[in-house]
Amino acid sequence: LAEIKRLMGQKGVLFIAVPNFGSAQRRVFGKNWFHLDLPRHLFHFDVDSLCGRLEKQGFEVRSITTFSLDQNLFGFLQSALNCIPGVANNHFYRLLQADLTFRSACIMFLYAPLLLLLFPFAIIELVVSYFLQTGASLIVRVSKDDR
């Protein structure tokens, strides 16, 4: 963060987007939460820990949101799928990333009824977490604090 601040111009703005460890999704899904994304995410933040670290480094927090339509909605769906016994963690996500084959298309088709059942709950969580500011994504906009 110190190096980023050094490289920023006076009118520079920094956006940081990370999984929100203080989110409702993380509390509900625990170790099955999609956005833990281990081992890529070695550190996790909630609003207070991220903003505190940024302010300690001399940034001024300009805005905070926990809303990300795609990340929060998909995160709920994949996290719920991760709770199904016998299904590999993030299996559906990995299917979406892989080259489409007849086999993978058939497996995705088998996920369709589950996704249709889960989708209304994902929408409800998306809306509620928007109003409570407890969404699964934490997006912070900061600038240099020139005090």
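Residues numbered from 1 in each chain as written. Predicted model: local features only at pLDDT ≥ 70, side-chain atom pairs only at ≥ 80, totals over all residues. Heavy atoms only, no water.

S.K.: Sorry, what's going on with the nonpolar core here?
M.R.: In globular proteins that are soluble, nonpolar side chains generally tend to be buried together. Core analysis: the biggest nonpolar cluster contains 18 residues, and Leu81, Phe92, Tyr111 and Leu115 have the highest contact counts within it. Contributing elements (two or more residues each) for this core: α4 (69–82), α5 (91–97) and α6 (102–132). Core analysis: the next-biggest nonpolar cluster, separate from the first, contains twelve residues, Leu14, Ile16, Leu50 and Leu54 among them. (Core = buried A, V, L, I, M, F, W, Y, C linked by side-chain atoms within 4.5 Å. Buried < 20%, exposed > 50% of the residue type's maximum accessible area, 1.4 Å probe, protein only. Helix = DSSP H or I, 4+ residues; strand = E, 2+ residues; numbered from the N terminus.)

S.K.: Would you explain α6 in this entry?
M.R.: Counting along an α-helix, one turn takes 3.6 residues, and residues three or four places apart therefore face a common direction. In this model α6 runs 42 Å from its N-terminal to its C-terminal C-alpha over 31 residues, within 8% of the 45 Å that 1.5 Å per residue would give. The largest bend in α6 is about 35°, located at Leu118, with the proline Pro120 one to four residues further on. Along α6, the positions that sit buried rather than exposed are Ser104, Ile107, Met108, Tyr111, Leu115, Leu118, Ala122, Glu125, Leu126 and Ser129. Tucked into the core, α6 has its buried residues touching α2 (24–29), α4 and α5. Remark: Gln133 follows α6 within two positions and exhibits a positive phi of approximately 55°. (Expected span 1.5 Å × (residues − 1). Bend = angle between axes of the 7 residues up to and from the residue. Contact = heavy atoms within 4.5 Å.)

Keep in mind these values describe shape, not function.
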